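Here are the chains, one letter per residue:
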Amino acid sequence: MADYTVEIENVSKRYAEHVAVKHLTLRVPKGSAYGLLGPNGAGKTTTIRMILNIIAPDEGTIRILGAPFNDPRITDRIGYLPEERGLYRKMQVRRILRFLAELKSVPRATADKRITEWLERFDLKTPEKDWGLAKIDELSRGMQQKVQFIGTLLHDPDLVILDEPFSGLDPINAQALKDTIVELKRRGKTVIFSTHVMDNAERICDSVCIIARGEKVLDGSLAAIKASHGSRNVALSLEGSPANGVAEILADSRLVNRVDDSNRYFEVEMAEGANPQELLHRIVATGAIVQRFELVQPSLHQIFLERVGARSRSPGEEAWAEGVEIGMTGHG
Amino acid sequence: MGKLWTIIKREYLERVRTRWFVIATVFGPVFFGSLIVIPAYMAKRGKASTEFTNTIILDATSAGIGKKVADAMSVRREPGSIAPIVRVVPPAQLSQAESTATHQVMRKQASGYVILDDQTLKGEQLRYAGRNATSISDMEQLRATVRETLLAERLEEVGVKSAKVKEMTFMPLRLNTERISDKGRGGSGTVSIIFAGVVGFLLYVSIILYGQNVLRGVLEEKTTRVAEVVVSSVSSETLLAGKVLGVGAVGLTQQIIWVVTSVIMFKLRAPLLARFGVNTLPFQMPDISVGLGLLLLLFFLLGFTFYASLYAAVGSSVNTEQEAQQAVQPLLIMLVATAVFINPILMNPTGRTALVMSVLPFSAPIIMPLRLALGSVPWWELAASLVALALSCFVAVWIAARIYRVGLLMYGKRPTLKEMGRWVRYSH
């Protein structure tokens, strides 16, 4: 029981017009970074809201930190960052943080001490300027996001839930967020975050669950998922523009099953029984200069495309893989 | 309970800290102060200003009426003002005398001049030109004085002795009113009407102001998504309750400040009025018992809760200020419709309209307190009003909490009434 922070058992949630989550079962191991992946409208936010007891499931059970999800005591041990962020615009930063801490039953003195620490850590309190005394609407967007992130962590929660935490972050803030998630995990906290940016998930997560259309597509530890998807993938980089003939080779269905073409970088999935050596030979023969040729496990991005994208190609279901392209924006 | 307190505290403190609150709170006593001073000042002016007697009387009659008018004016003379000047003018030179007088008025040697001629003697017309020609009270005084003088003149003509004439024509009739209620006589009629009007108006204004405040607060939390964070820590019912109670406490604070400063001003009204040169006290204190005070408070709390929870429901179901303004129309119509009836009910507080509006939930929190302030209300009417209001308050809160819980997390299209009905029926 204690091995899992969140246990979702056969949970469904219906709205008047559609079913948001269908018979979902998943387990989040204690102390892990867990990615909830899926295209837009897959039911990620609904799942998160049910974990937070903001909405109740129509059927199924949810246990958090070993207690039923609606146990009022556990809310103080959860930190939540919603997808679209905002704070009371006219309120002073310190007061807002104190308010959020108080909602999680943190004593005033402890809260004040932690607020100062966090503000200093995120450069919101420097010898020159203390943004803690400013009002929210005097802060830049990036600073507001930092404040909200501080509010999520002030009560030192055991379970941190971040809904699309990377959306709208500049590279510096994204890096700071990544560092904080890793640090939380090292301190034994469980972090669940939803995203459709596979790169971030691949770098941070121990385990993932991919959901689409309210249903689980696959879940498990990242290592196990990758292993089960074979190692018939080749990472290929060329110098300069690809020479003539490379495109034809990559389009050869006897050799290549599918390819993710990023102009100079290709992720190639070999066809059943094909020899990667032959692929290398033929590419070199075109005169192209190979910078990198490596047998790799498929990226999470590839797996996602394969598992979610494939289903979307069945008749009349084109629409719901649209979240996938947005995933590309997360590179770098 | 601790978290509810956290929410109430935030709602309260963040509002009390705003400039808007400070301005509105100061405005109350200033408004009330002017309510005491201005009518008293006007009443004093009503006795005619010092300019009234600073007049040139051009007497074009041969009857010597000018002197008599001047005497009559002097009776009403304010201390320290200049006595009227009488010039007897032959009718042929009247226009020349008029232009001389005009110049004198222009040079501020007099406030104006009045012309007494044959037509005046016949009681047909009186002419006046002067700087204070727009002062209603001065002109009314002038007309009354000349009229009195002419009347005295006519009485003397038919043989009434002049001493007797003065006695007969001088009658500054004052109307003193007194109210009789079930408890007997007490207080003056106008005072309790003014008091009741103020009570009704105050309730109306504060319900609208603070209802809108609740709406804006809910909308802000929804659009900034703060609501999601808060609702992950406390239930939506707690958030709603905290908001309504917090904003209600702000309204109550403001009204307590208003009432306390007004009462202090009222107690100190004698020295206050003396500063404006008024020595009489124009009205007495309305008699407010502790029981009446508590009843008024109870009605405010019920009425505010009724409207505030509905305002919150509206706020949670819309996405923008514009949508909110549309969606709030039905609530505003209910409030404005009630306000329209304040005056008629002040005039007839025991009629059928008053009775009906004391029981309807949307008007009861304004009309019933108004009637209570006006005088006694049969106990069963009071009980019916309270029960109806408390019940509808309960229903409104119940419905609002359900709409609020769902609406707060619904973005995008504004829901139809049918959809909102479905939200209410959701069991969780």
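Given the structure is predicted, the values throughout are model-derived calculations rather than measurements. Chains are numbered independently. Their residues run from 1 in the order of the written sequence. Lettering of chains starts at A and numbering of ligands starts at 1, both following the order in which they are written. With pLDDT at 70 or above as the cut-off, local features in this predicted model cover only qualifying residues; side-chain atom pairs require 80 or more to be listed or tallied, and sums for whole chains, interfaces and linings still use all residues.

Some remarks on the overall build of chain B
Alright, step 1. In terms of helices and strands, chain B carries 19 helices and six strands.
Alright, step 2. Here a residue counts as buried when 20 or more other C-beta atoms sit within 10 Å of its C-beta, as exposed when there are 12 or fewer, and as partly exposed otherwise, the C-beta atoms being derived from the backbone. Burial status across chain B gives 35% buried among its 428 residues. Labels follow the DSSP assignment, with helices taken as runs of H or I lasting at least four residues and strands as runs of E lasting at least two, numbered in each case from the N terminus.

Observations concerning the overall build of chain A
Alright, step 1. Tallying secondary structure elements over chain A gives 11 helices and 14 strands in all.
Alright, step 2. By principal-axis analysis of the C-alpha atoms, chain A measures approximately 70 × 55 × 35 Å.
Alright, step 3. The buried share among the 332 residues of chain A stands at 40%.
Alright, step 4. Remark: residues whose backbone-derived C-beta atoms lie within 7 Å of one another are considered to be in contact. Sequence separation of 24 or more characterises 70% of the internal contacts of chain A that already satisfy a separation of 6 or more.

Section: the environment of B:Thr238
All names here are of chain B.
Alright, step 1. Among the structural elements, Thr238 can be located in helix 10 (residues 236-267).
Alright, step 2. A C-alpha to C-alpha distance of 8.0 Å links Thr238 and Lys3, two positions 235 residues apart in sequence.
Alright, step 3. Ignoring any residue separated from it by four or fewer positions in sequence, one finds Thr238 in contact with Lys3, Leu4 and Ile7.

Looking at the sheet that holds strand 5 (residues 67-68) of chain A
Residues and elements named next belong to chain A.
Alright, step 1. Pairs of strands are assigned from DSSP output, requiring at least two bridges between the strands. The strand order 2-1-4-5 describes an open sheet built from four strands, whose pairing is antiparallel. One side of each edge strand has no neighbouring strand; the edge strands of this open sheet are strand 2 (19-29) and strand 5.
Alright, step 2. Where strand 1 (residues 4-14) meets strand 2, seven bridges bridge the pair, whose relative direction is antiparallel. Along strand 2, the bridge assignment pairs Arg14 with Val19.

Structural notes on the domain arrangement of chain B
Alright, step 1. Domain segmentation is taken from an automatic or database assignment of domains. Each domain of chain B was delimited in the assignment, giving domain 1 (2-42 + 189-425) and domain 2 (55-169).
Alright, step 2. Each of domain 1 of chain B and domain 2 of chain B was reduced to a C-alpha centroid, and the two centroids are 55 Å apart.

Quick notes on the confidence of the model for chain A
Any segment with low pLDDT has predicted coordinates that should not be analysed in fine detail.
Residues and elements named next belong to chain A.
Alright, step 1. Residues of chain A with pLDDT of at least 70 account for 92%, and the chain-wide mean is 83.
Alright, step 2. Known as pLDDT, the predictor's per-residue confidence is scaled from 0 to 100. Within chain A, helix 2 (residues 93-103) carries the highest mean pLDDT (94), whereas helix 11 (residues 323-326) carries the lowest (38).
Alright, step 3. In the predicted structure, residues 312-332 sits below a pLDDT of 50 and forms 32 contacts with residues beyond four places in sequence or in another chain.

Comments concerning the interface of chain B and chain A
Alright, step 1. In this assembly, 19 residues from chain B lie in contact with 20 residues from chain A.
Alright, step 2. Secondary-structure elements contributing two or more residues to the side of chain B that touches chain A are helix 1 (2-16) and helix 9 (226-231) of chain B.
Alright, step 3. Of the residues that constitute the side of chain B that touches chain A, the class distribution is six nonpolar, six polar and seven charged. For this classification, the nonpolar set comprises Ala, Val, Leu, Ile, Met, Phe, Trp, Tyr, Cys and Pro, the charged set comprises Asp, Glu, Lys and Arg, and every other residue, Gly included, is treated as polar.

What about the pairing of strand 13 (residues 265-270) of chain A?
All names here are of chain A.
Alright, step 1. The alternating pattern of strand 13 places Phe266, Val268 and Met270 on a buried face, while none of Tyr265, Glu267 and Glu269, on the opposite face, is buried.
Alright, step 2. As defined by bridge partners, strand 11 (residues 233-238) adjoins strand 13 across five bridges and the pair is classed as antiparallel. Each residue of the ladder has a partner; that of Val234, found in strand 13, is Val268.
Alright, step 3. The pairing of strand 12 (residues 256-262) with strand 13 spans six bridges and is antiparallel. Along strand 13, the bridge assignment pairs Ser262 with Tyr265.
Alright, step 4. Between strand 12 and strand 13, which pair antiparallel and follow one another directly, the connecting turn spans two residues, one of which, Asn263, has a positive phi of 70°.

Concerning the environment of A:Leu26
All names here are of chain A.
Alright, step 1. Counting through the fold element by element, Leu26 comes out in strand 2.
Alright, step 2. For the pair Leu26 and Asp219, spaced 193 residues apart in sequence, the C-alpha to C-alpha distance is 7.6 Å.
Alright, step 3. With residues up to four places along the chain from it excluded, the contact list for Leu26 reads Ile8, Cys209, Lys216 and Asp219.

A look at the confidence of the model for chain B
All names here are of chain B.
Alright, step 1. Counting all residues, the mean pLDDT for chain B is 83, and 87% of those residues have values of 70 or more.
Alright, step 2. In the model of chain B, strand 6 (residues 184-185) stands out as the element of lowest mean pLDDT, 56, in contrast to helix 1, which has the highest, 92.
Alright, step 3. For this predicted complex, the interface confidence comes out at an ipTM of 0.77, alongside a pTM of 0.73.

Observations regarding the sheet that holds strand 9 (residues 207-212) of chain A
What holds strands together in a sheet is hydrogen bonding between their backbones, with the strands either parallel or antiparallel.
All names here are of chain A.
Alright, step 1. What the six strands build is an open sheet, ordered 6-7-8-3-9-10; its pairing is mixed. Both outer strands of the open sheet, strand 6 (78-81) and strand 10 (215-221), are each paired with one neighbouring strand and no more. Across this sheet, the average inter-strand angle for adjacent strands is 15°, counted without regard to direction.
Alright, step 2. Relative to strand 10, strand 9 runs antiparallel, the two sharing six bridges. Residue pairing for strand 10: Ala212 is matched across the bridge by Glu215.
Alright, step 3. Helix-sheet contacts for helix 4 (residues 141-153) involve strand 6 and strand 7 (159-163), and the interaxial angle to strand 6 is about 160°. Every angle, taken between N-to-C directions, lies between 0 and 180 degrees, and every axis is a line fitted to C-alpha atoms, over only the stretch in contact when it is a helix.

Notes on helix 1 (residues 44-51) of chain A
Residue and element names in this part refer to chain A.
Alright, step 1. The element helix 1 is largely enclosed, with a buried count of eight among its eight residues.
Alright, step 2. Turning to helix 1, its buried residues are Lys44, Thr45, Thr46, Thr47, Ile48, Arg49, Met50 and Ile51.
Alright, step 3. Asn53 sits one or two residues past helix 1 and shows a positive phi near 60°.

Focus: the nonpolar core
Alright, step 1. We call a set of buried Ala, Val, Leu, Ile, Met, Phe, Trp, Tyr and Cys residues a nonpolar core when their C-beta atoms link them within 7 Å. Residues A:Ile161 and B:Ala312 are the most contacted members of the largest nonpolar core, which totals 138 residues.
Alright, step 2. At 13 residues, the largest contribution of residues to this core is made by helix 12 (residues 290-317) of chain B.
Alright, step 3. In this structure B:Ala312 touches B:Val214, B:Leu215, B:Val218, B:Leu240, B:Lys243, B:Val244, B:Ala400 and B:Tyr404, once residues within four positions along its chain are discounted.
Alright, step 4. Listed in part, the 17 residues of the second largest apolar core include B:Val114, B:Leu116, B:Val146 and B:Leu150.

Observations concerning unusual backbone geometry
Excluding glycine, residues mostly carry a negative phi; peptide bonds, for their part, are mostly trans.
Residue and element names in this part refer to chain A.
Alright, step 1. Here the phi dihedral of Asn10 falls at roughly 50°; this positive angle occurs in a residue that is not glycine.
Alright, step 2. Judged by the 12 C-beta atoms lying within 10 Å of it, Asn10 is exposed.
Alright, step 3. Of note in the backbone geometry, Asp123 takes a positive phi value of approximately 60° without being a glycine.
Alright, step 4. Inspection of the secondary structure puts Asp123 in the loop between helix 3 (108-121) and helix 4.

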